[in-house]
Amino acid sequence: MAKTDVLMTAPMLPLVMEKLDAAFTLHRLWEANDRNAYLKDIGSKVRGVATSTVHGKFDAALFELLPKLEIISSFGVGYDNVDVHEAVRRGILVTNTPDVLNDEVADLTIGLLIATLRQIPQADCYLRAGKWLERPFPLSPTLRGRKIGIVGLGRIGKAIAKRLEGFDISIAYNGRRRQEDISYAYFPTVVALAEAVDVLIVITPGGAETKHLINAEVLKALGPEGVLINVARGSVVDEKALIEALSSGAILSAGLDVFEDEPRVPQELIDMEHVVLLPHVASASVHTRNAMGQLVVDNLTSWFSGHGPKTPVPETPWLKA
Ligand code: NAP
Ligand code: 8YV
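(A) Geometry of the overall build of the chain. Helix and strand counts for the chain stand at 12 helices and 12 strands. By the compact-globule yardstick of 20 Å for 321 residues, the chain fits well, its C-alpha radius of gyration being 22 Å. Referenced to the eigenvectors of the C-alpha coordinate spread, the extents of the chain come out at roughly 70 × 50 × 30 Å. The contacts of the chain with a sequence gap of at least 6 include a subset with a gap of at least 24, amounting to 59%. When the accessible surface of the chain is summed, it comes to about 15,900 Å², and 54% of that surface belongs to carbon and sulfur atoms. On the chain, the mean spot of the 33 positive side-chain charges and the mean spot of the 39 negative ones are 4 Å from each other.

(B) The site of ligand 1, seen in detail. Neighbouring ligand 1 are 27 residues; R155, I156, R176, R177 and D257 lie closest to it. At a separation of 2.9 Å, an oxygen atom of ligand 1 approaches a polar backbone atom of I156. Here an oxygen atom of ligand 1 and a side-chain polar atom of R177 are 2.9 Å apart. Protein chains shield 89% of the accessible area of ligand 1, which is 920 Å² for the free molecule.

(C) Inspection of the nonpolar core at higher detail. Core analysis: the largest hydrophobic core is formed by 48 residues, its most contacted members being L20, I148, I150, I160 and L164. Counting only domains with at least three residues in this core, you end up with domain 1 (5-100 + 287-320) and domain 2 (102-277). V151, L219, L222 and I251 belong to the second-largest nonpolar core, a separate cluster that totals 30 residues.

(D) Looking closely at the domain arrangement of the chain. For the chain, the assigned domains are domain 1 (5-100 + 287-320) and domain 2 (102-277). If you average the C-alpha positions of domain 1 and of domain 2, the two centres end up 32 Å apart. In this assembly, nine residues from domain 1 lie in contact with seven residues from domain 2. Summed over both partners, the interface of domain 1 with domain 2 comes to about 630 Å²; 41% of that surface belongs to carbon and sulfur atoms. The largest share of the area that domain 1 buries against domain 2 comes from D80, D99 and T288, three residues that together contribute 62% of it. Our count for the contact surface shared by domain 1 and domain 2 stands at one salt bridge. Taken together, domain 1 and domain 2 are joined by three residue pairs in polar contact (both at pLDDT 80 or more).

(E) Main features of the site of ligand 2. Contacts to ligand 2 come from 13 residues, most closely from T53, V77, R233, S283 and R289. Side-chain polar atom of S52 to an oxygen atom of ligand 2: 3.4 Å apart, as the coordinates give it. For ligand 2, an oxygen atom lies 2.7 Å from a polar atom in the side chain of S283. When ligand 2 sits alone it has 330 Å² of accessible area, and the protein chains cover 91% of it. Of the residues in the shell around ligand 2, the class split is five nonpolar, six polar and two charged.

(F) Fine view of the sheet that holds strand β12 (residues 275-277). If you trace the seven strands from one edge of the open sheet to the other, you get β8-β7-β6-β9-β10-β11-β12, paired in parallel fashion. The open sheet has two edge strands, β8 (185-186) and β12, and neither has a second partner. Sheet topology note: the strand β11 (residues 253-256)/β12 ladder contains three bridges and is parallel. Paired with G255 across the bridge in β12 is V276. Packed on one face of the sheet, helix α7 (residues 155-165) meets β6 (147-151), β7 (170-174) and β9 (199-202) and runs near 170 degrees to β6. Contacts between helix α10 (residues 239-248) and the sheet are confined to β10 (227-230), β11 and β12, with β11 contributing the most and set at about 140 degrees to the helix.

Conventions and cut-offs
Residues numbered from 1 in each chain as written. Chains lettered and ligands numbered in written order. Predicted model: local features only at pLDDT ≥ 70, side-chain atom pairs only at ≥ 80, totals over all residues. Heavy atoms only, no water. Helix = DSSP H or I, 4+ residues; strand = E, 2+ residues; numbered from the N terminus. Rg over C-alpha atoms; globule rule 2.2 N^0.38 Å. Contact = heavy atoms within 4.5 Å. Areas by Shrake-Rupley, 256 points an atom, 1.4 Å probe, with all protein chains shown as cover. Lys, Arg positive; Asp, Glu negative; His and termini not counted. Charge placed at Lys NZ, Arg CZ, Asp CG, Glu CD. Near = heavy atom within 4 Å. Polar contact = N/O pair within 3.5 Å; in protein donor to acceptor, adjacent residues only side chain to side chain. Core = buried A, V, L, I, M, F, W, Y, C linked by side-chain atoms within 4.5 Å. Buried < 20%, exposed > 50% of the residue type's maximum accessible area, 1.4 Å probe, protein only. Domains from an automatic or database assignment. Buried area = accessible area lost by both parts, 1.4 Å probe. Salt bridge = Lys/Arg side-chain N within 4 Å of Asp/Glu carboxyl O. Nonpolar A, V, L, I, M, F, W, Y, C, P; charged D, E, K, R; others polar. Pairing = 2+ DSSP bridges. Axes fitted to C-alpha atoms, helices over the stretch in contact; angles between N-to-C directions.

Structure below.
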């Protein structure tokens, strides 16, 4: 029997490529000299797609070239890369990779928070530069006595909060609605939360709804001792306003895993010594990336063997006939 045709938009983990290659006829979009000509040639056969948050936008123009598409299996829990409204309109399922990365991302967030406050990367550079031989490293700010505000208390936000409880500090949160089973203080706006705390940890989805949720007003409310940790999406923070707030001392420092135009990072941030910058690595361990990759494979194989998708996104639930 002929294998089902699946399109991959850019190279993925070896585990994903090998397993999809074995189960399907895998079309490698990145190997085509002319993307459009290639898609015009093979697009009418394609029933599944494997893509990732870092492969660029999966937009209406791409949908148009794939008339038989049934499912988009996306690598990453965030799926702001996929035009999900277009998928809904066309009755196409979208799946993501939730939960398997919660602990990894939460661990990294705590690491980034402490690295930012206690200036761990800067201290490492100081030692390597031989400056310790001249004088001790300057005293740093602290986590002690701080109040933490989590913007987006979802799966990962809760895993971060669980870890923070061990640090004996106060925790509050913002989301679009209060969660009745949560005892942390709830603030209905990000500005109100920022006024009440001195660390903001951002872990919402990206996309139009959260674009520049963290703006100049929020940063001003966070105050001169305030620290911003962004592990969500670059789009959630107004990067220009953040650079201004960090330059003027409107906030103390920032720890950033994500940026507005990845992998390009503004030179102003790179030149600042009081920020910690990471290249979008919160889930990037071999263990967790392989678990995410396996879920990309499982969603496609489960769907095409008639068992439904494993982890459809809320906008495209699987309604079993
Ligand atoms: P989730 O369980 O869906 O949680 C998202 C949370 O954000 C929910 O609690 C939601 O609460 C809140 N939220 C949504 N819109 C909001 C808004 N406009 N204002 C305030 N809060 C809002 O998702 P998750 O699995 O925790 O993942 C969260 C996000 O983290 C992903 O979408 C992705 O962008 C990011 N992420 C980044 C990395 C990385 O490598 N840096 C890794 C994994 C995930 P309400 O519904 O009550 O508003
Ligand atoms: C991935 C992420 O690293 O899951 C997400 O939403 O941002 C990260 O876990 C990213 O998708 C890169 O593939």
